[in-house]
Amino acid sequence: VWQDFARAYYHVPSGECYVGSFAEGIVVLKDGEVQRIYNDANSGLVSKGGRNRVSGMVVDNQDNLWVTQIINDFPIHVLTPDGEWYRYRPTNMDPIGIILDDYDNKWIINQGQGIVVYSDNFTPEDPSDDQVKRLTTDFNRGGLPTNSVFAIAQDRDEQIWVGTSDGLSILHDPSIVRTNDFQHP
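As the structure is a computational prediction, the values presented were derived from the model and not from experiment. (Residues numbered from 1 in each chain as written. Predicted model: local features only at pLDDT ≥ 70, side-chain atom pairs only at ≥ 80, totals over all residues. Heavy atoms only, no water.)

Novice: Which residues make up the pattern of salt bridges, and what are the values?
Specialist: Counted according to the given criterion, the structure contains 3 salt bridges. The residue E16 makes a salt bridge to R36 at a minimum N-O spacing of 3.0 Å. Separated by 20 residues along the polypeptide, E16 in strand β2 (residues 16–21) and R36 in strand β4 (residues 33–38) bring together distant segments of the chain. Judged by relative accessible area, which is 11%, E16 ranks as buried. In this structure, the salt-bridge partner of D73 is K48, at a minimum N-O distance of 3.2 Å. With D73 in the loop between β6 (65–69) and β7 (76–79) and K48 in the loop between β4 and β5 (54–59), the pair connects residues that are 25 residues apart, well separated along the chain. Residue classification places D73 among the partly exposed positions, given a relative accessible area of 45%. We classify K48 as partly exposed; its relative accessible area is 34%. (Salt bridge = Lys/Arg side-chain N within 4 Å of Asp/Glu carboxyl O. Helix = DSSP H or I, 4+ residues; strand = E, 2+ residues; numbered from the N terminus. Buried < 20%, exposed > 50% of the residue type's maximum accessible area, 1.4 Å probe, protein only.)

Novice: Just give me the short version of the pairing of strand β11 (residues 115–119), but keep the residues and values in it.
Specialist: Within β11, 5 of the 5 residues are buried, which leaves the element mostly enclosed by the surrounding structure. Along β11, one buried face is formed by I115, V117 and S119 and the opposite face, lined by V116 and Y118, is buried too. Note: strand β10 (residues 106–110) against β11, 4 bridges, orientation antiparallel. Bridge pairing in β11 places I109 opposite I115. Between β10 and β11, which pair antiparallel one after the other, the connecting turn spans 4 residues, and G112 there sits at a positive phi close to 70°. Taken together, the 5 bridges between β11 and strand β12 (residues 131–135) define a ladder with antiparallel strand orientation. Paired with Y118 across the strands is V132, a residue of β12. (Pairing = 2+ DSSP bridges.)

Right, here's the structure in full:
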């Protein structure tokens, strides 16, 4: 029996709902029917301590399913439309949520450590060109009010809204992540 559902993501173009569990992995629903189940036995997801802790899911513009897992050696995973799974190990990550911006950058809430912005440069199969930017309370690193981030969203004007334990912050120009100080993971 599935338990501990933690996250859900509805992909409008496909009509599929991805439901992530803190125990069992991901179930994909369409029209109320189970379409697929992803866990450590049939996917790139990694179980740790006997649990498959899915903390976020989103589908990008190339129809790649991006998945974050908390308390895991591989916190970021992607399933390509071809059915290939890839996983990534950026250092110091405990992801608790993920969104995409209009440029397919992955904005990941990093529990107690601010935000990680991750770019695969449209090549999920090649981690050598991936880039990471960490946004924290430091002025030159986003200037968040606190590193305790609980929610994140992008509005129609491409601004990133960040909900923190010290209130709301708005990144009016998220293009900052596309500057040359993006770091390799």
